Structures are given as structure tokens and as C-alpha cells.
Amino acid sequence: SQYSAVDTNPLSVYIMQPIWNKIIKIVPLWIAPNLLTFSGFVMILFNYFLISFYDWDYTASGNSPGLVPTWVWLFSAFTTFCAYTLDSIDGKHARRTQSSTPLGELFDHGLDSWATSIFVLSFFSVCSRDSGKTGVSVYTMYIYLSIVLFNFMCSHWEKYNTGVLFLPWGYDISQVVLIAAYLLTSAVGVEVWQKPLLLGYYITDILVILLIGFSLFLSFPQTLYNIHRAHLKKTLKNDSLYEGLLPLVSPLLLFVLLTVWVVLSPSNILAKQPRLFLWMVGVTFSNVICKVIICQMSGTRPELFHWFLFPLALVVYAAISGLLGWTEEAVLAVFTAVVTAAHVHYGVCVGRQLSEHLNIYIFSLKKRVQE
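Each chain carries its own residue numbering, running from 1 in the direction its sequence is written. Only residues with pLDDT of 70 or above have their local features reported here, since the model is predicted, and side-chain atom pairs are shown and tallied only from 80 upward, although totals for entire chains, interfaces and linings are computed over all residues. To obtain the side-chain values, all non-hydrogen atoms of the structure were included, while hydrogens and water were left out.

**Some details on the overall build of the protein chain**
Counting its regular elements, the protein chain contains 13 helices and 4 strands. Projected onto its principal axes, the C-alpha positions of the protein chain cover 60 × 50 × 45 Å. Partly exposed describes any residue whose relative accessible area lies between the buried limit of under 20% and the exposed limit of over 50%, with all areas from a 1.4 Å probe on protein chains only and scaled to the type maximum. Within the span of the protein chain, comprising 371 residues, buried residues form 51% of the whole. Within the protein chain, counting contacts between residues at least 6 apart in sequence, those at least 24 apart form 80% of the total. The protein chains shown are the only cover counted for residues, whose accessible areas, like all others here, come from Shrake-Rupley with a 1.4 Å probe. Per element, the accessible surface of the protein chain, about 17,900 Å² overall, is 70% carbon and sulfur. Looking at the protein chain, you have 21 positive and 20 negative side-chain charges, and the mean spots of the two groups are 8 Å apart. Numbering of helices and strands starts at the N terminus; helices are DSSP runs of H or I of at least 4 residues and strands are runs of E of at least 2. In what follows, a contact means two residues having at least one pair of non-hydrogen atoms within 4.5 Å. Asp and Glu are treated as the negative residues and Lys and Arg as the positive ones, with His and the ends of the chain left uncounted. The location of each charge is read from NZ of Lys, CZ of Arg, CG of Asp or CD of Glu.

This is the structure:
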């Protein structure tokens, strides 16, 4: 299917696009667009592990403000800007080099589906978790991450039904806010997040309120409106309501299972291992969404239940029934490692199959030699 995306965000159209159009001229024509996409993702990943090294349990900014060196926040701003730039120019570069392929589209959106959670998890280190006085509770972090992922899911669910990806306004705004937050932190220190800003509200409270406001009153209604409009124009990809809602079943069940674990965990697993748990949420979500993206691109039906849901349901049941006892954290660690490995394996396999099918290399513009 022909790729079509619509971007109506004024920040993107009037400010960022002219910048990208200048930057793209520097990129050598022999570089494969997927290499740009992947480089941006690797930078975000590297930055995330760097922050995790200094602040594994999200307490550094609250308890010992100098623990994360200033250069780390500067580096975070730099990598976020680079990743945002590379993600914004990869499509332009593909058109420039006449190498736009379904593989590139999948590569871009597939990595985005994972990067989305990594951006959020890196940002939590800035505001730190609840220390009794300031910071964000781990439950707020979980809800915050879920809302961001819900937004991401909505835009792809909408594309599944309409065939058009309406780029969410929140994306550009969130990237610019992230970069600004890192720069602010490097300039004045993490203390800025620990002091009330407006009417007793902290910056983090304001960001959470903005995020929820954006999602519930802008993104989600816009998605429903776009689907409704396609329905009126008779351009919907799926006639039946069941077919249209099918891609939402697995992500919603995933959210229900994870929330049950968070709320009913005997050892309070989210408070014990916030970084592990939230990483696992991001990875499982990304895999579920990648399946939807592939179905939407290939015009196939998504399965009703994603296979991750079965082992997850088992683990959740064993945890909340007390079967796991003191091994709950260890089981979470193993499960997280397994789903991460499965997700990477899945990505590599799909990439290989598509590159063979389309007769192209993933990271090079040379054509494959036909066997």
C-alpha cells in the first residue's frame, strides 16, 4: 500500500521542517535512510543506559541532586535532538535517494514504537520518584507511560482503519519539551523540578496535566473524528466494527494484565523495580504494536490475542496468587529479558524477510544480487 502521512502541526510545519530541509542537504546520498533511523534509535538507547547507570531506581534527582553529572543531561539533550532530527529526515532522505520501501516504513514506525517508551523512561530520571516531599510516584510514572503508549497506539489504529497516518501533534511538542527539560536541568540543576512553579504545582504536575489533557481532549477525539470522516466518505478499510476494533484487543488486554500486576502485586513490584517493570511494559507494547503496523501495511488481519499475553497472564497469576513469593523480582527480570530478546529476534527476522522479498539491503542502497 502507498504510504501516506499527514502532518498539520504548526510547530512542525513552520519551525522544524525548514530546519530539517537544511540539515538533509548535508547527508551524503550514498547513506541508506534506514541507517539514519537506526542511528537515532541507538543514540536514544545508549543515552537511556547511561542514565540508568547513574540512576537505576529513579531516586538520584530527589535524594542526592548532584549524583547525575551535568554532562549527562547535556548529552541527553543532544541525543534527543539527534534522534528527533534523524527520525524526521529519514523519510525525506528516502525520497531524495528514491529508496522509499515498505521495509523503511516498518523500520521507522517499529523503532518509534519502542523509542516512545525509552524517551519517557529517560525523562523520569529528571523528575525523580516520590521522596515524600517532591517527585512523581511510580504509579504516576506507570499511568504517564501508558497514556503516551495509548496515544501512539491510537495513531496506528487510525491508520489501520483509514490508511492514512495523521501524525499526532503531541510528538513534535513532546520532543521539543524533552530537549528543553534536559537543557534546563543541565543549566540550573535537578532542583528546579523539586520546587513549586505555579500555585503550588510543580513542573512535573503541569507536564502530567498537559499530557493527559492533550491525549484525552486532542489526540483521541481527533482519531475518532478522522475514522468517522473516513466512514462517511466510505473510505474505511474495514466495513465491520469487529474488524475495525480487532487491533485494539491485544493492547487493551496487555494493559489490563499489567495493571492487575501493578495493583495486586504482593511485594509491590512496581515500587521495588520501577525501571525493570516499565522497560518490560515498553517492550511488550512495542511488539504488540509492530504486529498491528505489519497487518496494516500488508492488509492482513491481526490475530485476536498476541502470544506475549499468554506467558504474561501466567506470570501475573503466579505473582498475585502468591505462588512466586520472594522470587517475584527474579521472575520479572527473567520475563523482561525473554520478551526483550524475543522482540529483538522478531525485528531481525522481519527485517531479513522483507529485505530478501524486496531484494534490498537494510543498511545499504546497493541492490541485492539475485541468487
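There's plenty left to go through after this.
**Remarks on the environment of tyrosine 171**
Mapped onto the elements of the fold, tyrosine 171 is located in helix α7 (residues 169-188). For tyrosine 171, a relative accessible area of 28% translates into the label partly exposed. In this structure, the C-alpha to C-alpha distance between tyrosine 171 and phenylalanine 152, residues 19 residues apart in sequence, is 9.1 Å. Ignoring anything within four residues of it in the chain, the contact list for tyrosine 171 reads Tyr84 and Asp87.

**Notes on the side chain of lysine 159**
Tracing the backbone through its elements, the reader meets lysine 159 in helix α6 (residues 138-162). By relative accessible area, which is 2% here, lysine 159 ends up buried.

**So, the packing of aromatic side chains**
Paired rings are identified among Phe, Tyr and Trp, the last through its six-membered ring, by centres lying within 6.5 Å, and are further divided according to the angle between planes into stacked (under 30 degrees), edge-to-face (over 60) and tilted (the rest). This structure, assessed with the given rule, holds 24 aromatic pairs. Centroid distance tryptophan 307 to phenylalanine 308: 4.5 Å. Interplanar angle 80°. Geometry classified as edge-to-face. For phenylalanine 308, a relative accessible area of 1% puts it in the buried group. Pairwise contacts between aromatic rings join Phe41, Tyr48, Phe49, Trp114 and Trp279 into one cluster. Here, over-ring charges are defined by two tests on the NZ atom of lysine or the CZ atom of arginine: distance to the ring centre within 6 Å, and angle to the ring normal within 35 degrees. When the ring centre of tyrosine 58 is taken as origin, the NZ or CZ atom of arginine 275, which lies over that ring, is 4.1 Å away. Over the ring of tyrosine 346 we find lysine 291; its NZ or CZ atom is 5.0 Å from the centre of that ring.

**Some words on the pattern of salt bridges**
Close approach of charged atoms allows side chains of opposite charge to pair. We define a salt bridge as a side-chain nitrogen of Lys or Arg found within 4 Å of a carboxyl oxygen belonging to Asp or Glu. Tallied over the full model, the rule gives 3 salt bridges. Of the charged contacts in the structure, one is a salt bridge between lysine 159 and glutamate 105, with a shortest N-O distance of 2.7 Å. Residue lysine 159 is located in helix α6, and its partner glutamate 105 is located in helix α5 (residues 102-127); the two are separated by 54 residues in the primary sequence. Close ionic contact of glutamate 329 with lysine 272 constitutes a salt bridge, the shortest N to O distance being 3.9 Å. Placement of the pair is glutamate 329 in helix α13 (residues 328-357) and lysine 272 in helix α10 (residues 269-272), with a sequence separation of 57 residues. Given the relative accessible area of 28%, glutamate 329 is considered partly exposed.

**Notes on a nonpolar patch on the surface**
Patch membership requires more than 30% relative accessible area and the absence of a salt bridge. Residues of like charge join within 9 Å; the nonpolar side chains Val, Leu, Ile, Met, Phe, Trp and Tyr join within 5 Å. On the surface, Tyr242, Leu253, Leu304, Phe305, Trp307 and Phe310 cluster together to form a nonpolar patch covering roughly 600 Å² of accessible area. Looking at the secondary structure, you find leucine 304 in the loop between α11 (274-298) and α12 (309-320). What makes leucine 304 partly exposed here is its relative accessible area of 32%.

**Some points on the side chain of threonine 284**
Tracing the sequence through the fold places threonine 284 in helix α11. We define a polar contact as two N or O atoms separated by no more than 3.5 Å, with the added condition that, inside protein, one atom must be a possible hydrogen donor and the other a possible acceptor, whereas residues neighbouring each other in sequence contribute only through side-chain atom pairs. Only 3.0 Å separates the side chain of threonine 284 from the backbone oxygen of valine 281, close enough to count as a polar contact. Setting aside anything within four residues of it in sequence, one finds threonine 284 in contact with Leu254, Leu258, Phe308 and Val339.

**Quick word on the UniProt feature "transmembrane region" (unreviewed entry) in the protein chain**
In the numbering used here, UniProt assigns the feature "transmembrane region" (unreviewed entry) to residues 26-50, 70-86, 136-154, 199-220, 241-264, 276-294, 306-324 and 330-348. The distance from the first to the last C-alpha atom of residues 70-86 is 25 Å, and the span holds 100% helix and 0% strand. Note that residues 136-154 is 89% helix and 0% strand, and that its end C-alpha atoms are spaced 26 Å apart. UniProt positions are given in the numbering used here, feature names are shortened, and annotations may be inferred rather than shown by experiment.

**Section: unusual backbone geometry**
Even without glycine at this site, glutamine 98 takes up a positive phi of about 50°. Within the fold, glutamine 98 resides in the loop between α4 (70-96) and α5. Judged by relative accessible area, which is 75%, glutamine 98 ranks as exposed. Its identity as a non-glycine residue notwithstanding, asparagine 268 has a phi of 55°, on the positive side. Turning to its location among the elements, asparagine 268 is positioned in the loop between α9 (241-264) and α10.

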